[in-house]
Amino acid sequence: MTFPPTAGPRGGSPQAGQNRRPSPLWLTLLIVGALLGAFVIATQIYTEVQWYDQLGALSVFTTEWFTRGVLFLATAIVMAGGVWASLHFAYRNRPVYAPTTPQQENLDRYREAIEPLRKVAMFAVPAVLGLFAGLSASTQWQTVQLWLNRVPFGESDPQFGRDVGFYVFELPFYQFLIDTLGFVALIALIASVVMHYLYGGIRTGEGRGFSLTKGAQVQIGVLVAVLVIVQGLRMWFQRYAILTDSTGIVAGATYTDVNARIPALTIVAIAAGIVALLFIAAAATGRWRFPVVATGVLVVLSLVALLAYPYGIEQFRVQPSQQSMEREYIERNIEATRTAYGIDDVEVSPYQPTAAGEPGALREDAVTAASIRLLDPNLVSDSFRQLQQIRQYYGFPEQLDVDRYEINGEVQDTVIAVRELDQSGLDSATWYNQRIVYTHGFGVVAAYGNRRADDGRPVFSEAGIPPVGELGEYEPRIYFGERSPLYSIVGAPDGAPPLELDYPSDGDAQEAMAEVEVTQDGEPVQAVPEVDEDADIDESTGQVNYTYTGDGGPSVGSFFNRLAYAIKFQDEEIVLSDAINEESQILYNRNPRDRVEAVAPFLTLDGDPYPAVVDGRVKWIVDAYTTSSEYPYSRPEALDSITEDSNTQQGAVPLPTDRINYIRNSVKATVDAYDGSVDLYAWDEEDPVLQAWRQVFPGIIQDVSEMSGDLMSHVRYPEDLFKVQRSLLTQYHVTNADAFYSGQDFWTLPNDPTMSQQNAVAQPPYFLTLQMPNQDEPSFSLTSSFIPRRSAEGQTRNVLTGFLAASADAGNEPGQPSEEYGKLRLLQLPRNTSVPGPGQAQNNFNAEPSIQESLNLLRQGESDVQNGNMLTLPVAGGLLYVQPVYVRSAGETSYPVLQRVLVAFGEEIGFAPTLDEALDQVFGGDSGAQAGDAGSGGEQPEEASGEDEGTEEGAGTEDEAAAEAPASGGDDLTQALEDARQAIQDSEQALEEGDFAAYGEAQERLKDAVERAARAEAAAEGE
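Residues numbered from 1 in each chain as written. Predicted model: local features only at pLDDT ≥ 70, side-chain atom pairs only at ≥ 80, totals over all residues. Heavy atoms only, no water.

A short note on the overall build of the protein
In terms of regular secondary structure, the protein is built from 30 helices and 37 strands. In the protein, once contacts between residues fewer than 6 apart in sequence are set aside, the share between residues at least 24 apart is 71%. Here the protein displays about 44,500 Å² of accessible surface, and carbon together with sulfur accounts for 52% of that area. (Helix = DSSP H or I, 4+ residues; strand = E, 2+ residues; numbered from the N terminus. Contact = heavy atoms within 4.5 Å. Areas by Shrake-Rupley, 256 points an atom, 1.4 Å probe, with all protein chains shown as cover.)

Structure below.
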């Protein structure tokens, strides 16, 4: 008996539905829509190919998307093919007989309802499932490529003796493969059961369960066997995955895992294989009792072996003697974690700091003292902006960078920034201005980190437009930077009039630059260079124009390319504008991190790219990391949380949320600020993960030997890597398993003392030039300090327990990093130390009456006092704290001015206009060394004292100078301070009443009082 033919549509014969033809209009619209969609997708691919090809990295794009495509197709075919085959086999082997039970009659009605859609569904359902499975699998392209190009680590895990490369490269691929096959088998099994049930292959009997046809029992038996085998394989490989598990007392396999879970997983995996064989036998014989019973036994065995038995071992054997039982596994974790994070070679030295500041104590640390950085890169951005912005369409980042440059034969710590284009400041933000005229920033601005002008402003070593100073000649135009526009269109044939604004050259700009103090060859120079005679100057606008001559972007000279990029950026002006010619290029993806990430998608990038003048070009230097989460026994950490500090809260780029347990700074990348070219250098050539990726993308990463000496001299130790390492060292400085178990000597990172309690977050590391104890000579270093771990109640003693420094100087030899680079030195203070930590040092500063009396006068006015970064230096046999104090007046054009320096050594506190004077105060009147700001901002001749108090516009009000008057010293000084207080009160009252005449008169009295206070202070200090 056969099934009756399917009825036609309700109300008519089957032929009635066939006479309905789709509307030609709708068909046309559908085809046009599909073609337009395909064209848009094609243009996106085309523009990506153009961009990668122009950058010389097309192989990165093709390799990635070829791998994604193969994975997509392979997985989609396996999923769709498996589901379709399951449905097809079930339908082909359906029984053909008349229904004999009410249940079967109901199923007949269901079959009749779905029959018109069956053929479509048998292809559509597998296709949709295959599509989603393929898309999911394509995201694993890196896993597959690392497996294909795996290399050995040369290290073996302590449990199975396998090379670490098996866990990093192979195990993730095997798990991906098993998960994919298991999912396909599960979906195919469900599809076959549904199809067999609908078409009678599985029937419900009256009181005797289910009955299966021969075809159904073969198909379901084989699919269940495949599913069980896959589960067995999953458990087999889970034995290895336990070594990266972090649910125990430490990461990796612990006592219970080794002695209970791993043996249990082995047993259950073997048992699963036996059960699978029973299902295959049942598929052939139709005898289901044995596999069903065996499945029940397998479930019970799994519950007992994988849950109950390990629980019993943990509770009744391990917990009562956990320290001794877990000692071996804690040792494994300590060793693996220190190796995986690169902290196994930390040079640990005991340090017993002295609290006595003897005269001449800094004589042995003279270079360190002279290099102490006074400029806080997180505070002086506004100073750079007000003094060097020149025009509203230029800007600087909120956080500046610290580097070092050789100036007059000496290496100077330098605070540096790029004067980038900021289109938010444009008065006329038309498309033409944004895309054609305002295309680039101009020049680098750099200031000595250890100096200050007499009025507290930075002393620039490079400034002006065009730039002058100590950094030599270089290409100053910044087309690629952190604030660059979305895209710009540049370039023109020879002889065409230039359309881009290069830099302003009118009198107002020159006058603004003339006020800035800049040095060249050690002598002050005027920051107003002469304009190049060959420059194209537009007399009507007072600006120099320019035409881009580099090779920084794909061509948009042809109509097709213009159309493609118009679609990409959804901007029709690209097609319509007459400013675009056959030589035009389009510059986009201009952020240095974005460019490196596109060229090397397998790398994790540091959050702080920094600019450097290298070989006559401005280069952005980007540190890049290879990471893994599969290093056996190593502790996993979330990158975003482990690197969080006050810098990331104030705008620095945070790292991704990835969890890792292995990291290497394997690549140094540079991005040319003029042409956007990206160069990758293999910094850690021994890193196996990097070696694997170099096989995936041959030729993309250069050998470190290709680095120039100039570039080498600006390589720094990466900040985010240092954050990761210092966080791990809060615990993993302890290498004894018993001490690690007790946790009594664990540390934590101090909170940034300059932040409020509501925003308490870790203090960032600082770049300094210093000489650590037992170090042969000073070096540019990245530093951080430690305090004891907080108690369960959240309390901690804010005393120093450790100080970490990483040598950040790679030397200046071409292609040969210094042997000292990357050396980690840890000073370990005695457990009973009483040396204040950064927070306690800040409290001591805040609690000193003479300091606060002097600063409170300023706070009563419209100015604000801002504490700079708290620097810690191990010098003179003790710990020295240095903190610059900035004063900022009210108003939009104000900026912080360095007015005082706080210093603490032991119980002694210094507070003076210069670091040099403050050091003398804490070291008995003579520190034995000269700070970088010696002779500036301190005692001034009487006739000049009023001029050096920062009264220029934007440099702060006269209130700032009042802060320089100490709280004691003679009747004249006391009277001047009292008069200043009264003048401030009168000023505030006048403002409240709107009496501006009275306000002006009070300000005149305040100015007079400030000048008298300054003269009285100078006289008192001269005595």
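Description of the nonpolar core
Core analysis: the biggest nonpolar cluster contains 143 residues, and Ile 489, Ile 574, Ile 586, Leu 680 and Tyr 717 have the highest contact counts within it. Top element by residues in this core is helix 6 (residues 164-198). It accounts for nine residues. Setting aside chain neighbours within four positions, we find Tyr 717 in contact with Phe 722, Gln 725, Phe 767, Leu 782, Ala 806, Ser 807, Ala 808, Tyr 821, Gly 822 and Leu 824. Counting residues in hydrophobic clusters, the runner-up holds 63 residues, among them Leu 375, Phe 396, Phe 803 and Phe 905. (Core = buried A, V, L, I, M, F, W, Y, C linked by side-chain atoms within 4.5 Å. Buried < 20%, exposed > 50% of the residue type's maximum accessible area, 1.4 Å probe, protein only.)

Section: the environment of Leu 243
Within the element layout of this structure, Leu 243 appears in the loop between helix 7 (214-241) and helix 8 (255-285). For Leu 243, a relative accessible area of 0% gives the class buried. A C-alpha to C-alpha distance of 8.6 Å links Leu 243 and Thr 254, two positions eleven residues apart in sequence. Not counting chain neighbours up to four residues away, the residues in contact with Leu 243 comprise Asp 157, Gln 159, Phe 160, Tyr 167, Gly 252, Ala 253, Pro 632 and Tyr 633.

Structural notes on the environment of Ala 976
Along the chain, Ala 976 falls in helix 29 (residues 971-993). Overall, Ala 976 belongs to the buried group, its relative accessible area being 0%. A C-alpha to C-alpha distance of 5.0 Å links Ala 976 and Ala 1009, two positions 33 residues apart in sequence.

What to know about unusual backbone geometry
In this chain, Ile 465 is followed by Pro 466 through a cis amide linkage whose omega measures -15°. For Pro 466, the position within the fold is in the loop between strand 10 (460-463) and strand 11 (468-469). The backbone of Gln 570 shows a phi angle near 50°, a positive value even though the residue is not glycine. With respect to the helices and strands, Gln 570 occurs in the loop between helix 16 (559-569) and helix 17 (573-576). Exposure remark for Gln 570: the relative accessible area of 71% places this residue in the exposed category. The backbone of Asn 774 shows a phi angle near 70°, a positive value even though the residue is not glycine.

Remarks on the pattern of salt bridges
Evaluation of the coordinates by the stated rule reveals 30 salt bridges. Among the salt bridges present, the one from Arg 150 reaches Glu 170, with a minimum N-O distance of 3.8 Å. Here the residue Arg 150 occupies a position in the loop between helix 5 (141-148) and helix 6, and Glu 170 occupies one in helix 6, the gap between them amounting to 20 residues. Its salt-bridge partner being Arg 831, residue Asp 745 comes within 3.6 Å of it at the nearest N-O pair. (Salt bridge = Lys/Arg side-chain N within 4 Å of Asp/Glu carboxyl O.)

Focus: the packing of aromatic side chains
This structure, assessed with the given rule, holds 48 aromatic pairs. Where Tyr 255 meets Tyr 329, the ring centres are 6.5 Å apart and the plane angle is 75°; that geometry is what we call edge-to-face. Placement of the pair is Tyr 255 in helix 8 and Tyr 329 in helix 11 (residues 327-340), with a sequence separation of 74 residues. Overall, the relative accessible area of 11% leaves Tyr 255 in the buried class. A relative accessible area of 5% means that Tyr 329 is categorised as buried. Residues Phe 905 and Phe 923 carry aromatic rings whose centres are separated by 4.9 Å and whose planes lie at 50° to one another, so their mutual orientation is tilted. (Phe/Tyr/Trp six-rings, centres within 6.5 Å; stacked < 30°, edge-to-face > 60°.)

A few points about helix 23 (residues 719-732)
In this model helix 23 runs 19 Å from its N-terminal to its C-terminal C-alpha over 14 residues, within 8% of the 20 Å that 1.5 Å per residue would give. The element helix 23 is extensively covered by neighbouring structure, given that 14 of its 14 residues are classed as buried. (Expected span 1.5 Å × (residues − 1).)

Regarding the confidence of the model for the protein
Averaged over every residue, the pLDDT of the protein is 86; residues scoring 70 or more account for 85%. Here residues 1-17 is modelled with pLDDT under 50, and outside its nearest four sequence neighbours on either side it reaches 16 contacts, counting other chains as well. A low-confidence stretch, residues 938-969 (pLDDT under 50), is modelled with 78 contacts involving residues beyond four sequence positions or located in other chains. (pLDDT = per-residue confidence, 0-100.)

A short note on the packing of helix 3 (residues 58-92) against helix 5
Two numbers describe how helix 3 lies on helix 5: the axes approach to 9 Å, and their chain directions differ by 100°. Considered as vectors, helix 3 and helix 5 are oriented roughly perpendicular to each other. Where helix 3 abuts helix 5, its residues Thr 63, Glu 64, Thr 67, Arg 68 and Leu 71 lie against Trp 141, Val 144 and Gln 145. Among the residues forming the contact of helix 3 with helix 5, the class breakdown is three nonpolar, three polar and two charged. (Axes fitted to C-alpha atoms, helices over the stretch in contact; angles between N-to-C directions. Parallel < 35°, antiparallel > 145°, perpendicular 65-115°, else oblique. Nonpolar A, V, L, I, M, F, W, Y, C, P; charged D, E, K, R; others polar.)

Points about the environment of Gln 145
For Gln 145, the location among the structural elements is in helix 5. In this structure, the C-alpha to C-alpha distance between Gln 145 and Ala 692, residues 547 residues apart in sequence, is 8.5 Å. Ignoring any residue separated from it by four or fewer positions in sequence, one finds Gln 145 in contact with Thr 63, Thr 67, Trp 693 and Val 696.

A word on the pairing of strand 6 (residues 410-418)
Within a regular strand, the side chains alternate between the two sheet faces. Within strand 6, seven of the nine residues are buried, which leaves it mostly tucked inside the rest of the structure. Connecting strand 5 (residues 401-407) to the antiparallel partner strand 6 that follows it, the hairpin turn spans two residues, and Asn 408 within it adopts a positive phi of roughly 55°. Direction of pairing for strand 6 relative to strand 9 (residues 444-448): antiparallel, over a ladder of five bridges. Residue pairing for strand 9: Val 415 is matched across the bridge by Ala 447. (Pairing = 2+ DSSP bridges.)

With respect to a negative patch on the surface
A cluster of acidic residues, Glu 155, Glu 331, Glu 335, Asp 344 and Asp 345, forms a negative patch at the surface. In this structure, Asp 345 sits in the loop between helix 11 and strand 3 (347-350). (Patch = residues over 30% accessible without salt bridge, like charges linked within 9 Å, V, L, I, M, F, W, Y side chains within 5 Å. Lys, Arg positive; Asp, Glu negative; His and termini not counted. Charge placed at Lys NZ, Arg CZ, Asp CG, Glu CD.)

Considering the side chain of Thr 75
Within the element layout of this structure, Thr 75 appears in helix 3. Leave out the neighbours within four places in its chain, and Thr 75 touches Ala 133, Gly 134, Ala 137 and Thr 180.

Quick look at the packing of helix 5 against helix 21 (residues 688-696)
Closest axis-to-axis distance for the helix 5/helix 21 pair is 9 Å, and the angle between their directions is 95°. When the axes of helix 5 and helix 21 are compared, the pair comes out roughly perpendicular. Here Trp 141, Gln 142, Gln 145 and Leu 146 of helix 5 lie close against helix 21, whose contacting residues are Ala 692, Trp 693 and Val 696. Split into classes, the residues belonging to the contact of helix 5 with helix 21 amount to five nonpolar, two polar and no charged.

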